[in-house]
Amino acid sequence: MLLLSRVSCFFEQFWEGLLDIVYPPFCLVCGKPGDQYLCTECANRIEIIEYPYCSRCGIPRTDSQGSHCECSGRNYHFVQARCVGIYDGVLRDAIHAFKYDLQTAMTEPLAQLMVREFPRLYPGLKPDLVVPVPIHRDRFLERGFNQSGELALRIAAALRFPFDERLMKKEKKTLDQVGLPESQRSLNLQGAFVVTHTRDVWGKKVLLIDDVFTTGATANEVAKALRWAGAASVYVYALARSV
Ligand SMILES: [Zn+2]
Ligand SMILES: [Zn+2]
């Protein structure tokens, strides 16, 4: 699957290069022609999550609400979660273009945004390993790529962290989390993620990359599998936070 993913990445880049010659890039959010798939004006309209936010799950807070939200009652298997922006407006349109319309050209500007915000959201954090939230093989074949994998690959390369996407997989097909009541979200995901190369995870500080963090049920289930496999700690880093 790794080879398939890298080969498809090569062809994607080749194809995008070819497309750039025939059809020069335009902003995939507002349609304005230019040299980027996410224009500067649209990028500036993304609602970035600034402090104060919950020190545990990263949800935006007001000063008067204190540093923890109601997540203190939740059993998280990760240490912290941080998200770059609010899942709304430009960021939601950009993620839709990226995820559902197969616009892989959007990967680059979104990954760059995550690279730019990383030192602010996780100052001094140096993970031993970067892994994406895996998707099921059928979904991968249908879509042709794992959106979190594409982000994780670029973040790890830019920040010079070790990256491995073949050490775990999503074994069980699950219902789409969107539209499921919160009470059923963890149940739906139970046992879905499996670490296949436990030796590569053992004792490591892992940075888990996700695209959209909603209740955290998916990231939490992946973190649980990583911890069971012996990971020392898991930090979640997501592109968008739905609030
Ligand atoms: Zn634009
Ligand atoms: Zn919280």
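Everything here concerns the structure above.
None of these values were measured; they are calculated from a predicted model.

Turning our eyes to something else, we now look at the coordination of the zinc ion (ligand 1). All of the protein donors around the zinc ion (ligand 1) are C27 (SG), C30 (SG), C39 (SG) and C42 (SG); their distances to the metal are 2.3 to 2.4 Å. Residue C27 is classed as buried on the basis of its relative accessible area of 0%.

Attention shifts here to the packing of helix α7 (residues 182–189) against helix α8 (residues 217–228). Where α7 meets α8, the axes come as close as 9 Å, and the angle between the chain directions of the two elements is 35°. As α7 runs across α8, the sense of the crossing is right-handed. Every residue of α8 that contacts α7 at R185, S186 and L189 is listed here: A217, T218 and E221. Residues belonging to the contact of α7 with α8 are distributed by class as follows: 2 nonpolar, 2 polar and 2 charged.

This part takes up the coordination of the zinc ion (ligand 2). With distances of 2.3 Å, the protein atoms coordinating the zinc ion (ligand 2) are C54 (SG), C57 (SG), C69 (SG) and C71 (SG). Relative to the metal, the 4 donor atoms surrounding the zinc ion (ligand 2) lie at angles of 102 to 117°, and the coordination shape comes out tetrahedral. In terms of primary sequence, the donors binding the zinc ion (ligand 2) are separated according to C-x2-C-x11-C-x1-C. Residue C57 is found in the loop between α2 (40–44) and β1 (80–86), and its partner C71 is found in the loop between α2 and β1; the two are separated by 14 residues along the sequence.

A few words now on the packing of helix α4 (residues 107–121) against helix α6 (residues 147–159). The geometry of α4 relative to α6 is characterised by a closest axis approach of 9 Å and an angle of 50° between their N-to-C directions. With respect to α6, the axis of α4 lies oblique. Along this stretch, α4 crosses α6, giving a crossing that reads as right-handed. For the pair α4 and α6, contact is made by T107, E108, L110, A111, M114, V115 and F118 and by E150, L151, R154, I155, A158 and L159, respectively. Of the residues belonging to the contact of α4 with α6, the class tally is 9 nonpolar, 1 polar and 3 charged.

Rules used in this analysis
- Residues numbered from 1 in each chain as written.
- Chains lettered and ligands numbered in written order.
- Predicted model: local features only at pLDDT ≥ 70, side-chain atom pairs only at ≥ 80, totals over all residues.
- Heavy atoms only, no water.
- Donors = N, O, S within 2.8 Å, 3.2 Å for Na, K, Ca; no water.
- Buried < 20%, exposed > 50% of the residue type's maximum accessible area, 1.4 Å probe, protein only.
- Axes fitted to C-alpha atoms, helices over the stretch in contact; angles between N-to-C directions.
- Helix = DSSP H or I, 4+ residues; strand = E, 2+ residues; numbered from the N terminus.
- Left-handed = near helix turned anticlockwise from the far one by under 90°.
- Contact = heavy atoms within 4.5 Å.
- Nonpolar A, V, L, I, M, F, W, Y, C, P; charged D, E, K, R; others polar.
- Tetrahedral: all angles 85-135°; square planar, octahedral: opposite > 155°, others 65-115°.
- Parallel < 35°, antiparallel > 145°, perpendicular 65-115°, else oblique.

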